[in-house]
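Here is what each chain is made of, one letter per residue.
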Amino acid sequence: MAFADDDGASTSFVGSFPKGFGYGPEDQDPDPAMSESESKPRILLMGLRRSGKSSIQKVVFHKVSPNETLFLESTNKIVKEDVSNSSFVQFQIWDLPGHLNFFDSAFDSEHIFGGCGALIFVIDAQDDYVDALAKLRQTVSKANKINPKLKFEVFIHKVDGLSDDHKIETQRDIHQRAYDDLADAGLENLHLSFYLTSIYDHSIFEAFSKVVQKLIPQLPTLENLLNIFISNSGIEKAFLFEVVSKIYIATDSSPVDMQSYELCCDMIDVVIDVSCIYGTRDDLTFDDSSYAIIKMNNGTILYLREVTKYLALVCILREDSFERQGLIDYNFLCFREAIQEVFEVRQKMQGSQPNSENATNLVNGLAEKSQS
Ligand SMILES: Nc1nc2c(ncn2[C@@H]2O[C@H](COP(=O)(O)OP(=O)(O)OP(=O)(O)O)[C@@H](O)[C@H]2O)c(=O)[nH]1
């Protein structure tokens, strides 16, 4: 498959990234006895009953609408889901039932916490959270003992029912109490990350993006590439999106504002919907010829380009910067090539230094050339 740019020049199509994407601790030293899915980075979803764990998973990864989660049945056993089949980002999510008891002999904590990259603890902010905080403390102490590298992410969830002031107050209170509890347990050096989330807006996608990003060792390289790309192309903000889930796996280093992120998510929905309706091929709704431009009435442009079958670059820029579309497209091709290199070369050179530096040099050189 080839990609032709505006000048008719073609470069090889990047395609979807290799299966051995290679992030998370287990990927560096795979155990041949392990099944492929068992060796993927694992994210645990934990929290009390009815806190919203299954709803989060369904909304983010199954495109279930939030209202459809209202009558979800309670989860009674660990539900393991492989996210790699449907998307580029490869990991497993384990949804653990809220009533799990660590002291139960059937609970194999070594196995559950051992090979896992991140633990998301969901707290229902609309409920009394005293019990949830006790469970959080118990979970963190146990998991940290088994796996000190585990990252703890606390979702203060269902905040759609709270006023803005109440949200901030709840976050402050939970933050304070959680750290006090950890200090009591002698774990004052542990770090917890807090997010205000709801399945009724984009906050759950944003929070999940940040959790997933922490499991991608190539993140600094991706951010660096995005920084170089936007600064040489007159772009204000760029997100590298995983199209299926709308998780962004990287963005440039300027701060993310929620509105920009929401606009970009909506753009992806529009592109997928339009190509589902008018696309020529039945099997693919997002392919190498996918791109879209949306002009807004405030002089801003949203520009989407396909990077791989599962990845899209969505940029926000001023209308006058878009007059130099040729430059942007040229720089985009360099960027895409560099991304390909980051992952491809890493695969070839497993065991030796990753080639992220080469990729940065590549994009540096080409971007400068395009400006001269
Ligand atoms: N208002 C609001 N309700 C939510 C949100 N997320 C989930 N819920 C509701 O919370 C209820 C419980 O959600 P579940 O996903 O079943 O909770 P769970 O944590 O998986 O529960 P167990 O399987 O029993 O452990 C459902 O009725 C959801 O619709 C949210 O962000 N806001």
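Predicted, not measured: the structure shown is a model, and the values here were computed from it. (Residues numbered from 1 in each chain as written. Predicted model: local features only at pLDDT ≥ 70, side-chain atom pairs only at ≥ 80, totals over all residues. Heavy atoms only, no water.)

**Thoughts on unusual backbone geometry**
Now for step 1: Of note in the backbone geometry, Lys63 takes a positive phi value of approximately 60° without being a glycine.
Now for step 2: Topologically, Lys63 is positioned in the loop between α2 (53-62) and β4 (79-82). (Helix = DSSP H or I, 4+ residues; strand = E, 2+ residues; numbered from the N terminus.)

**Focus: the site of the ligand**
Now for step 1: With respect to spatial proximity, 21 residues lie near the ligand, and among them Ser54, Ser55, Ser74, Thr75 and Asp160 are the closest.
Now for step 2: Here His157 contributes a side-chain N or O atom positioned 2.9 Å from a nitrogen atom of the ligand.
Now for step 3: In the model, a nitrogen atom of the ligand is placed 2.7 Å from a nitrogen or oxygen of the Asp160 side chain.
Now for step 4: For the ligand, the accessible surface in isolation is 660 Å², of which the surrounding protein chains cover 93%.
Now for step 5: If you map the ligand onto the pockets, it falls in the largest pocket.
Now for step 6: The biggest single contributor to the shell around the ligand is α2, with three residues.
Now for step 7: Residues that form the shell around the ligand fall into these classes: five nonpolar, eleven polar and five charged. (Near = heavy atom within 4 Å. Polar contact = N/O pair within 3.5 Å; in protein donor to acceptor, adjacent residues only side chain to side chain. Areas by Shrake-Rupley, 256 points an atom, 1.4 Å probe, with all protein chains shown as cover. 1 Å grid on protein atoms, 1.4 Å probe; cavity = no way out; pocket = protein on both sides within 12 Å on 5 of 7 lines; lining within 4 Å. Sits in = over half its atoms within 2 Å of the grid points. Nonpolar A, V, L, I, M, F, W, Y, C, P; charged D, E, K, R; others polar.)

**Section: the sheet that holds β4**
Now for step 1: Spatial ordering of the open sheet is given by β4-β5-β3-β6-β7-β8, a layout of six strands whose pairing is mixed. The open sheet has two edge strands with one neighbour each: β4 and β8 (192-196). Each strand of the sheet is rotated relative to its neighbour by a mean of 20°, with strand direction disregarded.
Now for step 2: The pairing of strand β7 (residues 151-157) with β8 spans five bridges and is classified as parallel. Paired with Phe155 across the two strands is Tyr195, which belongs to β8.
Now for step 3: Across the sheet, helix α6 (residues 203-213) is in contact with β3 (42-47), β5 (92-95), β6 (118-124), β7 and β8; its angle to β7 comes to roughly 175°. (Pairing = 2+ DSSP bridges. Axes fitted to C-alpha atoms, helices over the stretch in contact; angles between N-to-C directions. Contact = heavy atoms within 4.5 Å.)

**What about the state of the cysteines?**
Now for step 1: Following the criterion strictly, the structure yields zero disulfides and no others.
Now for step 2: Not engaged in a disulfide, the cysteine Cys265 finds its nearest cysteine sulfur in Cys264; these two sulfurs lie 7.2 Å apart.
Now for step 3: Residue classification places Cys265 among the buried residues on the basis of a relative accessible area of 1%.
Now for step 4: No disulfide involves Cys334; its sulfur sits 14 Å from that of Cys315, the nearest cysteine.
Now for step 5: Overall, the relative accessible area of 3% leaves Cys334 in the buried class. (Disulfide = S-S within 2.5 Å. Buried < 20%, exposed > 50% of the residue type's maximum accessible area, 1.4 Å probe, protein only.)

**Digging into the layout of surface pockets**
Now for step 1: Here the largest pocket defines a volume of roughly 400 Å³.
Now for step 2: Looking at the largest pocket, it is lined by 22 residues, and the ones nearest its centre are Arg50, Ser51, Gly52, Ser55 and Lys158.
Now for step 3: Considered class by class, the residues forming the lining of the largest pocket number five nonpolar, eleven polar and six charged. (Points joined across faces, edges and corners; volume = space filled by probe spheres on them.)

**Some details on the side chain of Asp124**
Now for step 1: Mapping Asp124 onto the fold places it in strand β6.
Now for step 2: Engagement of the side chain of Asp124 in a polar contact is seen with the backbone nitrogen of Gln126, the distance being 2.8 Å.
Now for step 3: Here the side chain of Asp124 touches Lys158 through a polar contact of 3.1 Å, side chain to side chain.
Now for step 4: Sequence-distant contacts of Asp124, defined by excluding residues within four places in its chain, comprise Arg50, Ser51, Tyr129, His157 and Lys158.

**So, the sheet that holds strand β11 (residues 291-295)**
Now for step 1: One open sheet holds the five strands; their spatial order is β10-β9-β13-β12-β11, and the pairing between them is antiparallel. Every interior strand has two partners, whereas the edge strands, β10 (247-251) and β11, have only one. Strand-to-strand, the axes of this sheet are offset by a mean angle of 20°, without reference to chain direction.

**Concerning the packing of aromatic side chains**
Now for step 1: In this structure the tally under the stated criterion is 13 aromatic pairs.
Now for step 2: Between the aromatic rings of Tyr303 and Phe322, the centroid separation amounts to 5.1 Å while the plane-to-plane angle is 70°, which identifies the pairing as edge-to-face. Of this pair, Tyr303 sits in strand β12 (residues 300-306) while Phe322 sits in the loop between β13 (311-318) and α9 (325-348); the two residues are 19 residues apart in sequence, bridging distant segments of the chain.
Now for step 3: Taken together, Phe61, Phe91, Phe155, Tyr195 and Phe208 form an aromatic cluster joined through their ring pairs.
Now for step 4: Here the basic side chain of Lys80 rests over the ring of Trp94, its NZ or CZ set 4.3 Å away from the ring centre.
Now for step 5: The ring centre of Phe239 lies 5.6 Å from the NZ or CZ of Lys237, which sits over that ring. (Phe/Tyr/Trp six-rings, centres within 6.5 Å; stacked < 30°, edge-to-face > 60°. Lys NZ or Arg CZ within 6 Å of the ring centre and 35° of its normal.)

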